[in-house]
Amino acid sequence: MNDQQDLRLTPQRRAVLEVLQAAHDHPTAAEVYDRVRVVAPGIGAATVYRSLGLLVRSGHALELSLGTGAAARYDANTTRHEHVVCDRCGRAVDIDLPVPVETVDELSESTGFAITGYALQFRGLCPSCRTTRPTRTTGPTRTTGPA
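Residues numbered from 1 in each chain as written. Predicted model: local features only at pLDDT ≥ 70, side-chain atom pairs only at ≥ 80, totals over all residues. Heavy atoms only, no water.

**Section: the side chain of Thr28**
With respect to the helices, strands and loops of the structure, Thr28 is situated in the loop between helix H1 (11-22) and helix H2 (29-39). What Thr28 contacts, discounting residues up to four positions off in sequence, is Ala71, Ala72, Arg73 and Tyr74. (Helix = DSSP H or I, 4+ residues; strand = E, 2+ residues; numbered from the N terminus. Contact = heavy atoms within 4.5 Å.)

**A short note on the environment of Ala92**
Note on placement: Ala92 falls in strand E4 (residues 92-95). C-alpha of Ala92 to C-alpha of Cys126: the two residues are 34 residues apart in sequence and 8.8 Å apart in space. If we skip the residues at most four places from it in the chain, Ala92 touches Asp25, His26, Leu66, Val84 and Val85.

**Brief notes about the sheet that holds strand E5 (residues 121-124)**
Judged by pairing direction, the sheet is mixed, and its three strands sit side by side in the order E4-E3-E5 without closing on themselves. If you trace the sheet from one side to the other, it starts and ends with E4 and E5, each paired once. Taking the axes of each pair of neighbouring strands and ignoring which way they run, one obtains an average angle of 25° across the sheet. The sheet contact formed by strand E3 (residues 82-86) and E5 spans four bridges and is parallel. Looking at the pairing, Cys86 lines up with Gly124 of E5. (Pairing = 2+ DSSP bridges. Axes fitted to C-alpha atoms, helices over the stretch in contact; angles between N-to-C directions.)

**Observations concerning the pattern of salt bridges**
As enumerated under the stated definition, the model contains five salt bridges in all. Asp25 is the partner of Arg35 in a salt bridge, and the nearest nitrogen-oxygen pair spans 2.6 Å. In this pair, Arg35 sits in helix H2 while Asp25 sits in the loop between H1 and H2, placing the two residues 10 residues apart along the sequence. A relative accessible area of 31% means that Asp25 is categorised as partly exposed. A salt bridge links Arg73 to Glu31; the shortest N-O distance between them is 3.7 Å. (Salt bridge = Lys/Arg side-chain N within 4 Å of Asp/Glu carboxyl O. Buried < 20%, exposed > 50% of the residue type's maximum accessible area, 1.4 Å probe, protein only.)

**Describing the packing of aromatic side chains**
Geometry of an aromatic ring pair is reported as the spacing of the ring centres plus the angle between the planes. With the rule as written, the count across this model stands at zero aromatic pairs. A cation sits over an aromatic face here: Arg80 above Tyr118, 3.7 Å from the ring centre. (Phe/Tyr/Trp six-rings, centres within 6.5 Å; stacked < 30°, edge-to-face > 60°. Lys NZ or Arg CZ within 6 Å of the ring centre and 35° of its normal.)

**Thoughts on the confidence of the model for the chain**
When the pLDDT values of the chain are averaged, the result is 85; 85% of them are 70 or greater. Put simply, E4 is where the chain has its lowest mean pLDDT, 88, and H2 is where it has its highest, 97. Across residues 1-5 the pLDDT falls below 50, and counting only partners more than four positions away or on other chains, this stretch makes 12 contacts in the model. Predicted confidence for residues 141-147 stays below pLDDT 50, and this span has three contacts to residues more than four positions away or in other chains. (pLDDT = per-residue confidence, 0-100.)

**Topic: the nonpolar core**
Ranked by size, the top nonpolar core spans 17 residues in total, and within it Val16, Leu20, Val32, Val36, Val48, Leu52 and Leu55 carry the most contacts. Counting only elements with at least two residues in this core, the list comes to H1, H2 and helix H3 (45-57). Among the elements that line this core, the one with the most residues is H1, at five residues. (Core = buried A, V, L, I, M, F, W, Y, C linked by side-chain atoms within 4.5 Å.)

What follows is the structure, encoded as structure tokens:
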């Protein structure tokens, strides 16, 4: 399933989707479950988790993998956009910074890869984490593998 028309939105799935659409903080599955229970008290955790998977597979939501060991977060904004992620608390914020098509073409040409998509992610400390515990920074860190 990858067409938004392919998924029948049951009342439970609609409740999960509406929670995602109202969220601006990219909640984890557990956070989605807690929020859905407010509007649908009888809903079970398994139903919420299955609904999240179906919403992602059908294109109604995105699942954000924000790093090793971090809980996946969910986003109802399925348009092309990137994120900046806090290394300490896992908070993710949308950014609208598209990579120029020329850069993608140049990367494809220089590596020989047929680029089919990308996920650009900036990492650092959010304002809240920066003020709670000062950390020493030495500049941006580059990684060669997946984040």
